[in-house]
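Spelled out from the first residue to the last, the chains are:
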Amino acid sequence: MTSPFVPGPRGSFSRYVAVGDSFTEGLWGDPDDEGRPTGWADLLAAELSTRRVACGEAPLEDANLAVRGRLLRPILTEQLPRALRMKPDLVSIVGGGNDVLRPATDVDVLARNLEAAVVRAKNAGAEVLLATGMDAKDSPLVRRTRTRTGILNAHLWTIARRHGAFVLDLWGMRSLRDWRMWAPDRIHLNAEGHRRVMQGALEALGLEVDPEWDTPLPPAPPMTPLEEARWNAEWAREWALPWATRRLRGRSSGDTITAKHPEPRPFP
């Protein structure tokens, strides 16, 4: 029986392009000098560039085409072709999270489209980094998607085995089961969450990482029932209700947003 393909480590990518939704855009990461969020993909580009320069090579070139609210189809049909025209040697394709929020989503169709995209990127000469969905067991809103996310994750691991893609295992990250890694909306990561995910991406690529990158934080002081009730009520009022209202109106938080780094640039 043929052994599954296992990608070997790559230490010196020269051009990295990220495509995706708010997760890859970096929502709730630390703002840069122009007020744009710095997420895991930006931190990954910075780390890869730093390692190249330390070895005497030119800085990494990177672009980030991800836009919040995007479904998987426009990620694959609009962002990815543009990314591949930039001739990257590494492309991260991360999406589907907004799709699985919709109960009628056909996860098998998502997987079929994702696999075709991976094949296209590999044929263009790029290594591909995928990411599983996160385990939403503890989320009062998103946990209803857990079954769909689990099925899509199973597809994703199969796609990676067939075509030699790297996989960032978000589902398996213990540190992300702590709300202190998340923004107040409980849907997006905060700066520390993005930093942890960047380390997970390095591990997925077979590169050296901080040994404590996924070590959970010390336990937080427990909330009283009244404190927890107030916390949940505030979240529902400030975040869940506006999100549901946008959904009912057919609007997206990314309707007026464009890619923050649309062209390859030497990483500063």
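A brief structural summary.

Thresholds, definitions, all that
Residues numbered from 1 in each chain as written. Predicted model: local features only at pLDDT ≥ 70, side-chain atom pairs only at ≥ 80, totals over all residues. Heavy atoms only, no water. Phe/Tyr/Trp six-rings, centres within 6.5 Å; stacked < 30°, edge-to-face > 60°. Helix = DSSP H or I, 4+ residues; strand = E, 2+ residues; numbered from the N terminus. Lys NZ or Arg CZ within 6 Å of the ring centre and 35° of its normal. Axes fitted to C-alpha atoms, helices over the stretch in contact; angles between N-to-C directions. Parallel < 35°, antiparallel > 145°, perpendicular 65-115°, else oblique. Left-handed = near helix turned anticlockwise from the far one by under 90°. Contact = heavy atoms within 4.5 Å. Pairing = 2+ DSSP bridges. Salt bridge = Lys/Arg side-chain N within 4 Å of Asp/Glu carboxyl O. Buried < 20%, exposed > 50% of the residue type's maximum accessible area, 1.4 Å probe, protein only. Expected span 1.5 Å × (residues − 1). Arc of directions from axis to C-beta. Polar contact = N/O pair within 3.5 Å; in protein donor to acceptor, adjacent residues only side chain to side chain. Core = buried A, V, L, I, M, F, W, Y, C linked by side-chain atoms within 4.5 Å.

## Structural notes on the packing of aromatic side chains
Taken as a whole, this structure holds three aromatic pairs when the rule is applied. Plain terms: the ring middles of Trp179 and Trp231 are 6.3 Å apart, the flat faces sit at 70° to each other, and that makes the pair edge-to-face. Highlighted residues: Trp179 in the loop between β7 (166-168) and α7 (191-204) and Trp231 in helix α8 (residues 225-248), separated in sequence by 52 residues. Clustering of aromatic rings is evident, with ring pairs tying together Trp179, Trp182 and Trp231. Its end group placed over the ring of Trp179, Arg186 keeps NZ or CZ at 5.7 Å from the ring centre. Across the ring face of Trp231, the terminal group of Arg186 is positioned such that the distance to the ring centre comes to 3.5 Å.

## Topic: the packing of helix α2 (residues 40-54) against α7
Axis separation between α2 and α7 bottoms out at 8 Å; the angle between their running directions is 55°. Regarding the angle of α2 to α7, the classification is oblique. Read as a crossing pair, α2 and α7 show a hand that is right-handed. Between α2 and α7, the residues in contact are Trp40, Leu43, Leu44, Glu47, Leu48 and Arg51 and His194, Arg195, Val197, Met198, Ala201 and Leu202, respectively.

## As for the sheet that holds β7
Ordered in space as β7-β6-β5-β1-β4-β8, the six strands form an open sheet in which the pairing is mixed. Two strands in the sheet have a free side with no partner beyond their single neighbour: β7 and β8 (261-266). Averaged over all adjacent pairs, the angle separating strand axes in this sheet is 15°, with direction ignored. Pairing of strand β6 (residues 127-131) with β7, which is carried by three bridges, proceeds in the parallel orientation. Following the sheet pairing, Leu129 is matched in β7 by Phe166. The strands that helix α3 (residues 72-85) touches are β1 (15-20), β5 (90-94) and β8; relative to β1, the one it contacts most, it runs at about 170°.

## So, the pattern of salt bridges
For the coordinates displayed, the defined rule picks out 19 salt bridges. Between Glu34 and Arg36 there is a salt bridge; the shortest N-O distance is 3.4 Å. Note that Asp135 and Arg177 form a salt bridge whose closest N and O atoms lie 3.8 Å from each other. Of the two residues, Asp135 sits in the loop between β6 and α6 (146-163) while Arg177 sits in the loop between β7 and α7, which places them 42 residues apart along the sequence. Since its relative accessible area comes to 15%, Asp135 is described here as buried.

## With respect to the packing of α3 against helix α5 (residues 107-123)
Relative orientation of the contacting elements α3 and α5 amounts to 5°, with a least axis distance of 10 Å. Judged on the interaxial angle alone, α5 and α3 are roughly parallel. Touching Leu72, Leu76, Leu80, Pro81 and Leu84 of α3 are Leu110, Asn113, Leu114, Ala117, Arg120 and Ala121, all from α5.

## Comments concerning α5
For α5, spanning 17 residues, the distance from its first C-alpha to its last is 24 Å, which sits close to the expected 24 Å at 1.5 Å a residue. Looking only at α5, the buried set comprises Val107, Leu110, Ala111, Leu114, Glu115, Ala117, Val118 and Ala121. The buried residues of α5 occupy an angular sector of 165° when projected down its axis, which confines them to one face. Facing away from the buried surface of α5 by more than 90 degrees, the exposed residues are Arg112 and Asn123. The backbone nitrogen of Asp108 lies 3.0 Å from a side-chain oxygen of the residue at the head of α5, namely Asp106.

## Brief notes about the environment of Glu47
Along the polypeptide, Glu47 turns up in helix α2. For Glu47, a relative accessible area of 25% translates into the label partly exposed. Taking the C-alpha atoms as reference points, Glu47 and Phe267, 220 residues apart in sequence, are found 9.9 Å from one another. Residue contacts for Glu47: discarding those within four places in its chain leaves Met198 and Leu202.

## Observations regarding α2
Taking 1.5 Å of rise per residue, the 15 residues of α2 would be expected to cover 21 Å, and the 21 Å separating its terminal C-alpha atoms lies within 8% of that figure. All of the buried residues in α2 are Trp40, Ala41, Asp42, Leu44, Ala45, Leu48, Ser49 and Arg52. Once α2 ends, the next one or two residues include Gly56, with phi positive near 85°.

## Looking at the nonpolar core
Trp40, Leu44 and Leu129 are the most contacted members of the largest nonpolar core, which has 32 residues in total. Of all elements in the fold, only β1, α2, β5, β6, β7 and α7 reach the threshold of two or more residues within this core. With 31 residues, the next largest nonpolar core counts Leu76, Ala83, Val107 and Ala117 among its residues.

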